[in-house]
Structures are given as C-alpha cells and as structure tokens.
Amino acid sequence: MELVHDLLRRLAQDRPLILWADDVVWGTDSLEFFGRLLEAQEELPAPILLLMTARDEDLGRKLAAHKLVEEILSNPRATRMEIGPLDAGDHRALVRDLLGLEGALAARVETRTAGNPLFAVQLVSDWVQRGILVADDSGFHLKKGARVDLPDDLHQLWSLHLEQIVGER
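What counts and what doesn't
- Sequence order sets the numbering: in each chain, residues are counted from 1 along the sequence as written.
- Where local features are concerned, this predicted model is filtered to residues with pLDDT of at least 70; where side-chain atom pairs are given and counted, the filter is 80 or more; whole-chain, interface and lining totals use all residues.
- Based on all heavy atoms of the structure, the side-chain values leave hydrogens and waters out of the count.
- Between buried and exposed lies partly exposed: a residue is buried under 20% and exposed over 50% of the maximum accessible area for its type, with that area taken using a 1.4 Å probe on protein chains only.
- Only DSSP runs of H or I with at least four residues qualify as helices, and only runs of E with at least two residues qualify as strands; both kinds are numbered from the N terminus onward.
- When we speak of the arc, we mean the arc of directions from the helix axis to the C-beta atoms.
- Here a residue-residue contact requires only that any non-hydrogen atoms of the pair lie within 4.5 Å.
- Patch membership is restricted to residues that have no salt bridge and whose relative accessible area is over 30%. Joining uses 9 Å for like charges and 5 Å for the nonpolar side chains Val, Leu, Ile, Met, Phe, Trp and Tyr.
- Computed with the Shrake-Rupley method and a 1.4 Å probe, the accessible areas treat only the protein chains shown as cover for residues.
- In what follows, salt bridge is the name for a side-chain nitrogen of Lys or Arg lying within 4 Å of a carboxyl oxygen of Asp or Glu.
- Neither His nor the chain ends is counted toward charge; the positive residues are Lys and Arg and the negative residues Asp and Glu.
- Charge coordinates come from a single atom per side chain, which is NZ of Lys, CZ of Arg, CG of Asp or CD of Glu.
- Only protein atoms enter the 1 Å grid, on which a cavity is a set of points fitting a 1.4 Å probe that cannot get out and a pocket is an open set with protein on both sides within 12 Å along at least 5 of 7 lines, lining residues being those with an atom within 4 Å of a point.
- Grid points are joined across faces, edges and corners, and a volume is the space filled by probe spheres set on the points.
- In this count, Pro and Cys sit with the nonpolar residues alongside Ala, Val, Leu, Ile, Met, Phe, Trp and Tyr, while Asp, Glu, Lys and Arg are called charged and the others, Gly among them, polar.

Taken residue by residue, helix α4 (residues 63–73) has A65, L68, V69 and I72 as its buried positions. Projected down its long axis, α4 shows its buried positions confined to an angular sector of 100°, all on one face. Set apart from the buried face of α4 by more than 90 degrees, the exposed residues are L63 and K67. Structurally, α4 contributes buried residues whose contacts are with α2 (28–43), β2 (48–52) and α3 (56–61).

Structure (structure tokens):
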C-alpha cells in the first residue's frame, strides 16, 4: 500500500489526481483500498480526490460493503453527497441535444436510463463503438436492420460489453 500511495503522491506533484470507483458495493477490495489510501493521506497528504459512487439500494443489499462505506465516511476528510437523477427536462436535453439521438430512439433511451446521465452516455458510446448508429438530418438512429435490447442498468451494459470483447478473442 505504501508503494501505491507513494506512486500516487508522485503523480499528483504534476497535477491533482482523481481516483474514481463506480458501484463500489460490488467489490469490497476497492473499498478497502480507498479506506487505506484515505488513512495514508492523513500522514502524507497529496492533492488526490478519492471519489466513490454507490446506489443506496445496492448498499442495502451488501452488508459488508455498507459497513466499509460507513467506516470510510467516519473519517473527517470524507464527505457524503446525495446525487439524484437528472430531472426529466435536463435528461431529455442530454439525450436529444448532446447525444443527438432522433425522436423514437431518444425516447427509449430516456425511459431506460431514467435520469442517469452516465448510463445514457455509456449506452450511446457502446452503440457508436459497435457501429450500429448512423446520422441523418434528424440525428442519430439505429442502422437499418440493427436491433438493440436496452440493458437494465450500467452493470448489465458493462457485462454485455465484456462478453462481446471476450467473444471476439
């Protein structure tokens, strides 16, 4: 752990670092790592922001992860921020204007991603990487004959993406 912290401190000399772990409840090892790194920061501080995200409903199902999160939050350097979904208007603007999806496809993405901007961006990025989106004057739409099943959440999207990568090898 000391070596990792030393490396991060050296990297942070050039510019501040952000270490982000998403959905931390699915890997208690990442929570343990962040907890130890936060403790190391007390003795040898460096400009490193540790950012962890977790959904309340997931924390409720993962007791060990919930306990580790609470231990981390007991540190005076830690702060908890409740961040809800984007409101409907902002989410619609993200999906239609920033991501450029056409009407019917945009509506499907808006409904499925339910105000989660990261999920919307990752979903569209996946389609771009797979080459199933095409552009016209109305925006991006699915390539003729392409069909997609919209995943339930980011975890399922990433799992599907990993399956595709492994299947290509």
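Structurally, I83 can be placed in the loop between α4 and α5 (88–98). It is 9.6 Å that separates the C-alpha atoms of I83 and R55, two residues lying 28 residues apart in sequence.

Among the surface-exposed residues, E2, E39, E42, E43 and E71 lie close enough to one another that they form a single negatively charged patch. The element contributing the most residues to the negative patch is α2, with 3 residues. Secondary-structure assignment places E71 in helix α4. Take E71: its relative accessible area is 44%, and that puts it in the partly exposed class.

Let's shift gears to the layout of surface pockets. Where empty space is left can be seen by rolling a probe of water-molecule size over the atoms. Taken as a whole, the largest pocket holds about 1,400 Å³ of empty space. Elements supplying a minimum of two residues to the lining of the largest pocket: α2, β2, α3, α4, α6 (103–113) and α7 (117–130). Tallying contributions element by element places β2 first for the lining of the largest pocket, with 5 residues. Within the lining of the largest pocket, the residues separate by chemical class into 24 nonpolar, 8 polar and 11 charged. In this structure, the second largest pocket occupies an estimated 170 Å³ of space. Considering the residues around the second largest pocket, the lining is formed by L31, E32, G35, R36, L38, E39, L68, E71, I72 and N75. For the lining of the second largest pocket, the elements supplying multiple residues, two or more each, are α2 and α4. If one sorts the elements of the lining of the second largest pocket by residue count, α2 sits on top with 6 residues.

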